[in-house]
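Each chain, written out:
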Amino acid sequence: SVDVRTQCRGRARAANVPPGRARVCKAMTNTIHLYRAVLRSALRFPSRNKLAIVDEIKQEFRAHKTLTDDAEIAHRLNIARDGLDRLNAFSNMDKKSSNWQVSLKGPHTGEG
């Protein structure tokens, strides 16, 4: 039996993935893209503590990488998306400006 993560890797994955696993592979790919986006934003976060923040993000994702419950996975991904929104609100500010304004939307609902 081939591990799902192994099956979803590489350029030839479309030919090797059974139809029922395609959804899982897409979800894994989306999660990896979200993970990388969160890390990139955290590295731009205007804080002396940004490396600790990056480490904490990595630990959170690793701690939950074996989840199998769809509802719990969706909940965790919504938390990550919300965190990304908040990181981006601070990470994309002009560091030279003295007029910083941040507008945070509510928690990520999974829509849009």
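That block above? That's the structure.
All values reported here derive from a predicted model rather than from experimental measurement.

Explain the pattern of salt bridges residue by residue, including any values.
This model, assessed by the stated rule, comprises 2 salt bridges. A salt bridge links E72 to R76; the shortest N-O distance between them is 2.9 Å. A residue pair is termed a helical-turn pair when its members lie 3 or 4 positions apart in one helix, as E72 and R76 do in helix α5 (residues 70-91) at 4 residues. On the accessibility criterion, R76 (31% relative accessible area) is partly exposed. Among the salt bridges present, the one from D82 reaches R86, with a minimum N-O distance of 3.0 Å. Separated by 4 residues within a single helix, D82 and R86 lie in helix α5, roughly one turn from each other. When its relative accessible area of 15% is taken as the criterion, D82 is described as buried. The exposure class assigned to R86 is partly exposed, which follows from its relative accessible area of 31%.

Please give an account of the side chain of S41 that cites residues and values.
With respect to the element layout, S41 can be found in helix α3 (residues 22-44). Taking the relative accessible area as the measure of exposure, S41 reaches 0% and is therefore buried. Look past the residues within four positions of S41 in its chain and what remains in contact with it is L84, L87, N88 and S91.

Cut-offs used in this document
Residues numbered from 1 in each chain as written. Predicted model: local features only at pLDDT ≥ 70, side-chain atom pairs only at ≥ 80, totals over all residues. Heavy atoms only, no water. Salt bridge = Lys/Arg side-chain N within 4 Å of Asp/Glu carboxyl O. Helix = DSSP H or I, 4+ residues; strand = E, 2+ residues; numbered from the N terminus. Buried < 20%, exposed > 50% of the residue type's maximum accessible area, 1.4 Å probe, protein only. Contact = heavy atoms within 4.5 Å.

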